[in-house]
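# Coordinates in review
Each chain is listed here by its residues.
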Amino acid sequence: MTTTAVLIPGDGIGPEITAATLRVLEAAGAEINWIERQAGVAAMEAGGEVLPEATLDAIREHGVALKGPCTTPVGKGFRSVNVQLRKTFELYAAVRPVRSMPGVDTPFKDVDIVVIRENTESLYSGVENEITPGVVTSIKVATEKGCTRIAEWAFDYARKRGRKKITVFHKANIMKLTDGLFLRCSEDIAKEYDDVEYETAIIDAGCMRLVQNPGQFDMLLLENLYGDVVSDLCAGLVGGLGVVPGANFGVDRAIFEAVHGSAPDIAGQNLANPLALLMSAVMMLNYLADNQGDETAQQAAQRIKAAYDAALTEGQKTRDLGGSLGTTEFADAIIERL
């Protein structure tokens, strides 16, 4: 069964880790017809918009995309491509599985957490105004619809994946209206899932508990800004953003992406770690299996996961993980173990 999906290589190290990922997917027998489109700096350098309409149209048509990292200017310049994609396609659920990887040494062992982040509201709504010179405001947005649907998505995910507990991080003791709404909606949905344990934690105390003993958590449910910060914190528990995949889901579309930056300082030097993008591609294959009944995709996903676990266990790693392999050589090591 051949599936058509959109491929966005991104910029910086994006094209080279994308190329490595595609090699592994092909070697594993994943039957995907790629429609390549551009976004970010690469799209602008090609003489177009930062997020061309042709890219958006392709995602609208095919519903699934794999995306490499895109540069986002800090404090100036164009708006984040990631934020624009999430807004355009109402990709309201961000999913970040975080697990201890074999052969990647960290102070923590047996971490296995899934971070679910509401993806369209909160301070990331981008509602900012300059009231008077030198005075700016940023408005935090929360809606009952948005808070309820992400809670429903999280609890449904937990049930389907056999997860046992969801912890909501919040700051409702201070932001009583916005975070209070998020908390109340989560509590209402939790009552419908008696097979999933539910608890809450004020976010500062929750972060302290995370770095003391991450094993006490199973799934975390957070609003947008908190989810962005805490998902990276969790990635740090297992070796960093280079070993953590990411996905963004809407009602009928999904975009899978490496969540790390574009690292233009090492672009083109065969130094980048393609594992995060490859792991995101594995998430995509599992999504295709679940939603389209693509058994070939599921088999390829299982083989790839086993292969990169084996490579890491045997010390075949890129330099950021303490190894000596380049981007291409790491892909070779995975392919050899398929």
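Structure: above.
Given the structure is predicted, the values throughout are model-derived calculations rather than measurements. (Residues numbered from 1 in each chain as written. Predicted model: local features only at pLDDT ≥ 70, side-chain atom pairs only at ≥ 80, totals over all residues. Heavy atoms only, no water.)

### Remarks on the nonpolar core
Our working rule: Residue types Ala, Val, Leu, Ile, Met, Phe, Trp, Tyr and Cys, when buried and joined through side-chain atoms within 4.5 Å, form a set referred to as a nonpolar core. The classification of residues rests on relative accessible area computed with a 1.4 Å probe and restricted to protein chains. Under 20% of the type maximum is buried, over 50% is exposed, and intermediate values are partly exposed. Helical segments are the DSSP runs of H or I of at least four residues, strand segments are the runs of E of at least two, and each set is numbered from the N terminus. Here, two residues are considered to be in contact whenever any of their heavy atoms come within 4.5 Å of each other.
Of all hydrophobic cores here, the largest spans 92 residues; its most connected members are Leu220 and Phe256. With 12 residues, the single largest contributor to this core is helix 9 (residues 275–292). In contact with Phe256, other than residues within four places in its own chain, are Val64, Ala65, Leu66, Lys67, Gly246, Ala247, Phe249, Ser280, Met283, Met284 and Tyr287. Core analysis: the next-biggest nonpolar cluster, separate from the first, contains 15 residues, Ala39, Leu51, Ala65 and Ile255 among them.

### Structural notes on the pattern of salt bridges
Put simply, the rule reads: Salt-bridge detection follows one rule: a side-chain nitrogen of Lys or Arg within 4 Å of a carboxyl oxygen of Asp or Glu.
Under the criterion given, the structure shown has 22 salt bridges. In this structure, Arg99 and Asp309 form a salt bridge, with 3.0 Å as the shortest nitrogen-oxygen distance. Taken together, the residues span a long stretch of sequence, with Arg99 in strand 4 (residues 93–99) and Asp309 in helix 10 (residues 295–313) at a distance of 210 residues. Between Lys140 and Glu223 there is a salt bridge, with the nearest N and O atoms lying 3.3 Å from each other. Placement of the pair is Lys140 in the loop between strand 7 (135–138) and helix 5 (144–161) and Glu223 in the loop between strand 10 (219–222) and helix 8 (224–238), with a sequence separation of 83 residues. Three or more residues are tied together by salt bridges with common partners; here these are Glu53, Asp57 and Arg60.

### Considerations on empty space enclosed by the protein
Selection criterion: Here a cavity denotes a set of grid points, spaced 1 Å apart and computed over the protein atoms alone, in which a 1.4 Å probe fits but from which it cannot get out, and a pocket denotes an open set meeting protein on both sides within 12 Å along at least five of seven lines; residues with an atom within 4 Å of a point are reported as lining. Grid points are joined across faces, edges and corners, and a volume is the space filled by probe spheres set on the points. Classes in brief: Ala, Val, Leu, Ile, Met, Phe, Trp, Tyr, Cys and Pro nonpolar; Asp, Glu, Lys and Arg charged; the others, Gly included, polar.
In the structure shown here, the tally under the stated rule is 2 cavities of 30 Å³ or more. Counted as a void, the largest cavity has a volume near 80 Å³. Surrounding the largest cavity, Glu118, Glu121, Ser122, Lys140, Val141, Ala142, Cys147, Thr178, Asp179, Phe182, Glu223 and Asn224 form its lining. It is helix 6 (residues 178–190) that provides the largest number of residues to the lining of the largest cavity, a total of 3 residues. A breakdown of the residues in the lining of the largest cavity according to their chemical character gives 4 nonpolar, 3 polar and 5 charged. By volume, the second largest cavity is sized at about 50 Å³. Lining the second largest cavity, in full, are Val83, Arg86, Lys87, Arg117, Asn119, Thr120, Tyr124 and Asn224. For the lining of the second largest cavity, the element with the most residues is helix 4 (residues 81–88), which contributes 3 residues. Within the lining of the second largest cavity, the residues separate by chemical class into 2 nonpolar, 3 polar and 3 charged.

### Re the packing of aromatic side chains
Aromatic rings considered in pairs are described by the distance between their centres and by the relative angle of their planes. Under the convention used in this document: Any Phe, Tyr or Trp ring, taking Trp's six-membered ring, that has another such ring centre within 6.5 Å forms a pair; planes under 30 degrees apart are called stacked, those over 60 apart edge-to-face, and the others tilted.
Taken as a whole, this structure holds 8 aromatic pairs when the rule is applied. Ring plane angle 35 degrees and centroid distance 5.3 Å describe the contact between Phe155 and Tyr193, whose orientation is recorded as tilted. Taken as a pair, Phe155 in helix 5 and Tyr193 in the loop between helix 6 and strand 9 (197–202) lie far apart in primary sequence, 38 residues in all. A centroid spacing of 6.2 Å and a plane angle of 40 degrees characterise the contact between Phe155 and Tyr198, whose relative ring orientation is tilted. Note that Phe155 is positioned in helix 5 and Tyr198 in strand 9, a separation of 43 residues in sequence. An aromatic cluster of at least three residues, connected via ring pairs, comprises Trp153, Tyr157, Phe249, Phe256 and Tyr287.

### Structural notes on the pairing of strand 9
For the record, the criterion: Strand pairing is assigned whenever DSSP detects at least two bridges linking the two strands. When the strands point away from the viewer and the path from the first strand over the helix to the second turns clockwise, the crossover is right-handed.
Bridge analysis of strand 8 (residues 165–170) against strand 9 gives 6 bridges, and the strand direction is parallel. When the bridges of strand 9 are listed, Phe169 appears paired with Ala201. For the segment spanning strand 8, helix 6 and strand 9, crossover handedness is right-handed.

### Notes on the side chain of Asp11
Selection criterion: Residues adjacent in sequence count toward polar contacts only when both atoms are side-chain atoms; beyond that, a polar contact is any pair of N or O atoms within 3.5 Å, and within protein one must be able to donate a hydrogen and the other to accept it.
Positionally, Asp11 belongs in the loop between strand 1 (3–8) and helix 1 (14–27). Within the structure, Asp11 has its side chain in polar contact with the backbone nitrogen of Val41 (distance 2.9 Å). Other than its neighbours up to four places away in sequence, Asp11 contacts Ala39, Gly40, Val41, Ala42, Pro69, Cys70, Thr71 and Ser262.

### Considering helix 7 (residues 203–212)
Structural remark: α-helix, 3.6 residues per turn; residues separated by three or four positions point the same way. Our working definition: What the arc measures is the spread of directions leading from the helix axis to the C-beta atoms.
The set of residues buried in helix 7 consists of Ile203, Gly206, Cys207 and Leu210. For helix 7, the arc enclosing every buried residue in end-on projection is 100 degrees, short of the 170-degree limit, so these residues lie on one face. On its buried side, helix 7 packs onto strand 5 (112–118), strand 8, strand 9, strand 10 and helix 8.

### Concerning the pairing of strand 12 (residues 254–258)
Within strand 12, 5 of the 5 residues are buried, leaving the element largely enclosed by the surrounding structure. Side chains Ala254, Phe256 and Ala258 of strand 12 all project onto a buried face; the interleaved residues Ile255 and Glu257 project onto the opposite face, where all are buried too. Taken together, the 4 bridges between strand 3 (residues 64–67) and strand 12 define a ladder with parallel strand orientation. Pairing of Ala65 across the sheet is with Ile255, part of strand 12. Where strand 11 (residues 245–249) lies against strand 12, 5 bridges are found, and the strand directions are antiparallel. Residue pairing for strand 12: Ala247 is matched across the bridge by Phe256. The antiparallel hairpin formed by strand 11 and strand 12 contains 4 residues in its connecting segment.

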